[in-house]
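Notes for the structure review
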Amino acid sequence: QSVVRALGLLDQVAERGEAGVSELARAAGLHVATAHNLLRTLAGQGFLVNIGGRYRIGPAVERLA
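Basis of the calculations
- Residues numbered from 1 in each chain as written.
- Predicted model: local features only at pLDDT ≥ 70, side-chain atom pairs only at ≥ 80, totals over all residues.
- Heavy atoms only, no water.
- Core = buried A, V, L, I, M, F, W, Y, C linked by side-chain atoms within 4.5 Å.
- Buried < 20%, exposed > 50% of the residue type's maximum accessible area, 1.4 Å probe, protein only.
- Contact = heavy atoms within 4.5 Å.
- Helix = DSSP H or I, 4+ residues; strand = E, 2+ residues; numbered from the N terminus.
- Axes fitted to C-alpha atoms, helices over the stretch in contact; angles between N-to-C directions.
- Parallel < 35°, antiparallel > 145°, perpendicular 65-115°, else oblique.
- Nonpolar A, V, L, I, M, F, W, Y, C, P; charged D, E, K, R; others polar.

**Here we look at the nonpolar core**
Among the nonpolar cores identified, the biggest contains 15 residues, and Leu9, Leu24, Ala35, Leu39, Leu48 and Tyr55 are the most heavily contacted of them. Not counting the four nearest positions on each side in its chain, leucine 39 is found in contact with Leu9, Val21, Leu24, Leu48 and Tyr55.

Here is the structure:
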């Protein structure tokens, strides 16, 4: 379930170009704290980057593509 949620957040970021935690949590139907933890994990692994509180696709996604 966590993997599905994380991939859903990743997809939302890809669709928007960049987005904040609250926006992504609403779009994914997640509690803000849950979204924050998943986004932080994705950023820690390089799948997202956090710039000024907004998330963008990171270099790890580009390597996979």
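So, next bit.
**Overview of the environment of valine 4**
Relative to the assigned elements, valine 4 resides in helix 1 (residues 2-16). According to the relative accessible area criterion, valine 4 is exposed, its value standing at 62%. Each C-alpha atom of the pair valine 4 and valine 32 lies 16 Å from the other, and the pair is 28 residues apart in sequence.

**A closer look at the packing of helix 1 against helix 3 (residues 32-44)**
At their nearest, the axes of helix 1 and helix 3 sit 10 Å apart, and the two run at 80 degrees to each other. Relative to helix 3, the element helix 1 is oriented roughly perpendicular. Mapping the contact onto sequence places Ser2, Arg5, Ala6 and Leu9 in helix 1 and Thr34, Ala35, Leu38, Leu39 and Leu42 in helix 3. Here the contact of helix 1 with helix 3 is built from residues that sort into six nonpolar, two polar and one charged.

Worth remembering: the numbers are spatial, not functional.
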